[in-house]
Amino acid sequence: MAKQEPISLLEFQSRFRNEEAYGEHFFNLRWPEGFCCPKCGNKTPYLIKTRHLYECTACSYQVSVTAGTVMHKTRTSLVAWFWAIYLIAHDKRGSSSLLLKKTLGVSYQTAWAISHKIRKAMVDRDSQYKLAGLIKMDDAYYYQ
Ligand SMILES: [Zn+2]
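This text gives an overview of the structure that appears in the document. (Residues numbered from 1 in each chain as written. Predicted model: local features only at pLDDT ≥ 70, side-chain atom pairs only at ≥ 80, totals over all residues.)

If you trace the three strands from one edge of the open sheet to the other, you get 2-3-4, paired in antiparallel fashion. The open sheet is flanked by strand 2 (45–48) and strand 4 (62–64), the only strands paired with a single partner. Taken over all neighbouring pairs, the strand axes of this sheet differ in orientation by 30° on average, direction set aside. Here strand 3 (residues 53–56) pairs with strand 4 via three bridges, running antiparallel. Counted as the bridge partner of E55 is Q62 from strand 4. (Pairing = 2+ DSSP bridges. Helix = DSSP H or I, 4+ residues; strand = E, 2+ residues; numbered from the N terminus. Axes fitted to C-alpha atoms, helices over the stretch in contact; angles between N-to-C directions.)

Attention shifts here to the environment of A58. Here A58 shows up in the loop between strand 3 and strand 4. A58 sits in the partly exposed class, given 14 other C-beta atoms within 10 Å. Along the primary structure A58 and K43 are separated by 15 residues, whereas in three dimensions their C-alpha atoms are 8.9 Å apart. Beyond its immediate chain neighbours, meaning those up to four positions away, A58 contacts C37, C40 and N42. (Buried ≥ 20, exposed ≤ 12 C-beta atoms within 10 Å, placed from the backbone. Contact = placed C-beta atoms within 7 Å.)

As far as function goes, none of this settles anything; it's purely spatial.
Right, dumping it as structure tokens:
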């Protein structure tokens, strides 16, 4: 278990400013000791940037960094996902789909689907990983 530290809005913003930052975040969660192909054990991946996919240079096996998370196979940007998690976790009343739609600039259907998945993952203690290391404890927000 990684050590937990509180994360402020400013830290959050500077740490996760673009899709690449999220891709790296997922990579580090999945392979804290560096990439290792689940099929052949090779340690050198090739990054397919547009899809957050890593391809093994030895056997061409492809692994998505978001596999096993609520964001898997999403067409919404990871930036939007993380902000949605952040907003939902911080707002005691629970951010409405309408607020998410406005804040993130996504469609109402997307906002609704995202918040539904996030809320579902939040009530399940085993799904912390599904929220990609961002978890809520008491009133503070922690980055795992
Ligand atoms: Zn391989």
